[in-house]
Amino acid sequence: MTIIRTVFYLCLVMIATGAWADSTPVLIGIDAEFSVVGSTSAQAIRLGAQIAVDEINADGGVLGGRPLALVEKDDRSVPARFVKNLHEFAADPNVVAVLCGRYSPVVVEAIPEIHQLKLPLLDPWAAADLITTHDFRPNYIFRLSLRDTWAMQVMIRHAEQRGLRKLGLLAPNTEWGRSNLKAAEALDQADPQVTFIDMQWYSWGDNSLLAQYQTLRKAGAEGVLFISNEREGVIFVKEVAALPKEQRLPVFAAWGITGGNLFQNAGPALKEVDLAVVQTYSFIGAEDAVAQRVVQAAQRYGVDGPRRILSPVGVAHAYDLVQILARAIRIAGSTDRNAIRDALEKVSDYAGLVKTYPQPFTPDQHDALSPQEVFMARYAEDGAIVRIDAE
């Protein structure tokens, strides 16, 4: 009896001291465009998520001491591969949520599958409005990023502030491009000061966008709203730069071009084009404690200061999303995905990197940011992306 009692008390002590605490990592998936040549967005999302994981683990992890860990898969920006990877993540009970990458068409095509799997998807970049405004309930997609409507509003407002009211739209023939067209048409109807002269499409893989650009210019456009990723962005910048100066219209770009090596690959041509780009966050000049902590942590991963952080919005958004997820896991008290989904709508009062979130997500609102976080920026001489109002 004495031996039994001793063993019993030893068990209580071990439980109380955490000696028997479950040390199995709680896994967060990242499924993004890691192998897309020239892309930096997936790597930025990984960096922001990893810095958040490091902080959370140093503070004791979740669920009584379980560490968080990242598991990544490469979708190569292919929707079918993204769906395949989601099924593999869903088959692992230790995976509680998945961060997606930059490409809106990849996410949009997977919306039904995400809800069939009941796998919380955290979106730190993809901006198509439909990603969070679909009809599936409960909603398993949580975005901390732009919406195309907000980006279009800010691009047009910036053009208006410069006295440019006749605008053309150049966009890819994809869900992302169609989302931007829909936003542009709605704003055209709402704002009598703006006239959309024309709309021109291009396809991924096109080796020239000059004909579409010249069509917009000859139709009377004073500026071009440009929806693109870095590959076509480089082609476009070089083509516009090669034109006579009087034919170079101001370009107001969506942030897809900042998801890769546009600055390096466009080279001197970038200086010849009046290019402004949408952003939601900049580490440059950020002096709050969270920003300083993240910048210092980034140095452990080879990033030499805030001006060297590539695709900075991906870093910032992923960092805040993982911090919010950790709080949701604690509220849920388990790794049950349904409970975590519900808990994501209950997180409150998080003082984050991008902003302070009174309640990032609610049952009726799965976009953690707002138009107030959106601004225009441009590439500086060293390749850093700098707010225009901070130049």
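Undergrad: Is there a simple way to think about the pattern of salt bridges in this case?
TA: Side chains carrying opposite charge are able to pair once their charged atoms draw close together. Scanning all chains against the criterion turns up 19 salt bridges. Among the ionic pairs, Asp342 bridges to Arg341, the shortest N-O distance being 2.9 Å. For Asp342, a relative accessible area of 35% gives the class partly exposed. Through salt bridges with shared partners, a single network forms among Asp129, Arg143, Arg147 and Asp367.

Undergrad: Please explain the packing of aromatic side chains as it appears in this structure.
TA: The geometry of an aromatic ring pair is captured by the separation of the ring centres together with the interplanar angle, meaning the angle of the planes. As enumerated under the stated definition, the model contains 9 aromatic pairs in all. Taking 6.4 Å as the distance between ring centres and 25° as the angle between the ring planes, the aromatic pair formed by Trp176 and Trp204 counts as stacked. Taken together, the residues span a long stretch of sequence, with Trp176 in helix 6 (residues 175-190) and Trp204 in the loop between strand 7 (195-202) and helix 7 (210-218) at a distance of 28 residues. What makes Trp204 partly exposed here is its relative accessible area of 36%.

Undergrad: How do you make sense of the pairing of strand 7 when you look at a structure like this?
TA: Look at any regular strand and the pattern is simple: side chains alternate between the two faces of the sheet. Of the pairings in the sheet, the one linking strand 6 (residues 166-172) to strand 7 comprises 7 bridges and is parallel in character. Its bridge partner lying in strand 7, Leu167 is registered against Phe196. Tracing the backbone out of strand 6, into helix 6 and back to the parallel element strand 7 gives a crossover that is right-handed.

Undergrad: Would you mind going over the nonpolar core with me for this structure?
TA: The tendency in soluble globular proteins is for nonpolar side chains to be buried as a group. With 118 residues, the main nonpolar core has Met152 and Phe226 as its most contacted residues. Sorting elements by how many residues they give to this core places helix 11 (residues 312-332) first, with 12 residues. Not counting the four nearest positions on each side in its chain, Phe226 is found in contact with Leu170, Tyr202, Leu209, Glu232, Gly233, Phe236, Val251, Phe252, Ala253, Ala254 and Ile257. Core analysis: the second largest hydrophobic core is formed by 23 residues, Val95, Val106, Ile111 and Ala128 among them.

Undergrad: What should I look at first to understand helix 2 (residues 41-58) in this one?
TA: Between its first and last C-alpha, helix 2 extends 26 Å over 18 residues, near the 26 Å set by a 1.5 Å rise per residue. Turning to helix 2, its buried residues are Ser41, Ala42, Ala44, Ile45, Leu47, Gly48, Ala49, Ile51, Ala52, Val53, Glu55 and Ile56. Looking at the buried residues of helix 2, the elements they touch are strand 1 (26-32), strand 2 (68-74), strand 3 (95-99), helix 10 (289-299) and helix 11. Count one or two residues on from helix 2 and you reach Gly60, which has phi positive near 110°.

Undergrad: Looking at this model, I keep getting lost on the sheet that holds strand 9 (residues 251-253). Mind explaining?
TA: Within a sheet, each strand pairs with its neighbour through backbone hydrogen bonds, oriented either parallel or antiparallel. Spatially, 7-6-8-9-10-13-14 is the arrangement adopted by the 7 strands of the open sheet, whose pairing is mixed. The open sheet has two free edges, formed respectively by strand 7 and strand 14 (385-387), since each of these has just one partner strand. Each strand axis lies, on average, 30° off the axis of its neighbour in the sheet, ignoring direction. Relative to strand 7, helix 7 is tilted by about 170°, and along the sheet it contacts strand 6, strand 7 and strand 8 (223-226). Its contacts with the sheet place helix 8 (residues 230-241) against strand 6, strand 7, strand 8 and strand 9, and it is angled at close to 165° to strand 8.

Undergrad: Can you help me understand the sheet that holds strand 2 in this one?
TA: One open sheet holds the 5 strands; their spatial order is 2-1-3-4-5, and the pairing between them is parallel. The outermost strands of the open sheet, each flanked by one partner alone, are strand 2 and strand 5 (141-143). Adjacent strand axes in the sheet meet at a mean angle of 25°, parallel and antiparallel pairs treated alike. In this sheet, strand 4 (residues 121-123) lies alongside strand 3 in parallel orientation, the contact comprising 2 bridges. Bridging from a neighbouring strand, Val98 pairs with Leu121 of strand 4. Across the sheet, helix 3 (residues 79-90) is in contact with strand 1, strand 2, strand 3 and strand 4; its angle to strand 2 comes to roughly 150°. Packed on one face of the sheet, helix 12 (residues 337-344) meets strand 3, strand 4 and strand 5 and runs near 55° to strand 3.

Undergrad: Looking at this structure, how should I read the pairing of strand 3?
TA: Summarising burial for strand 3: 5 of the 5 residues are buried, a large majority. Sheet topology note: the strand 1/strand 3 ladder contains 4 bridges and is parallel. By the bridge assignment for strand 3, Ile28 is matched with Ala97. Crossover strand 3 to strand 4 through helix 4 (residues 104-117) is right-handed.

Undergrad: Teacher, can you tell me more about helix 3 here?
TA: The end-to-end C-alpha distance of helix 3, which contains 12 residues, comes to 16 Å, matching closely the 16 Å that a straight helix rising 1.5 Å per residue would cover. Turning to helix 3, its buried residues are Phe82, Asn85, Leu86, Phe89 and Ala90. Down the axis, helix 3 shows its buried residues gathered within 135° of arc, on one side only. If you follow the buried residues of helix 3, they end up packed against strand 1, strand 2, strand 3, helix 4, strand 4 and helix 12.

Here is what the cut-offs are and how they apply
- Positions within a chain are numbered from 1, following the residues in the order the chain's sequence is written.
- Note on the predicted model: pLDDT of at least 70 is required for a residue's local features to be given, and 80 or more for side-chain atom pairs to be given and counted; whole-chain, interface and lining totals, by contrast, use all residues.
- Calculation of side-chain values draws on the structure's entire complement of heavy atoms; hydrogens and water are dropped beforehand.
- Each salt bridge in this description consists of a side-chain nitrogen of Lys or Arg and a carboxyl oxygen of Asp or Glu lying within 4 Å of one another.
- Classification of residues uses two cut-offs on accessible area relative to the type maximum, computed with a 1.4 Å probe and protein chains only: under 20% is buried, over 50% is exposed, and between them is partly exposed.
- Centres within 6.5 Å make a pair out of two Phe, Tyr or Trp rings, where for Trp the six-membered ring is used; the pair is then stacked when the planes are under 30 degrees apart, edge-to-face when over 60, and tilted otherwise.
- Note on conventions: DSSP H or I runs of at least 4 residues are helices, E runs of at least 2 residues are strands, and numbering of each starts at the N terminus.
- Only strands that DSSP links by at least two bridges are regarded as paired with each other.
- If you view a crossover with the strands going away from you and the path from the first strand over the helix to the second runs clockwise, you call it right-handed.
- Only buried residues count toward a nonpolar core. Its members are Ala, Val, Leu, Ile, Met, Phe, Trp, Tyr and Cys residues joined through side-chain atoms within 4.5 Å.
- Contacts were defined at the residue level, with two residues in contact if any of their heavy atoms lie within 4.5 Å.
- A helix's residues, less one, multiplied by 1.5 Å, set its expected span.
- Between the N-to-C directions of two axes lies an angle of 0 to 180 degrees, each axis being a line fitted to C-alpha atoms and, for a helix, fitted only over the stretch in contact.
- Working definition: the arc comes from the directions between the helix axis and the C-beta atoms, pointing outward to the latter.

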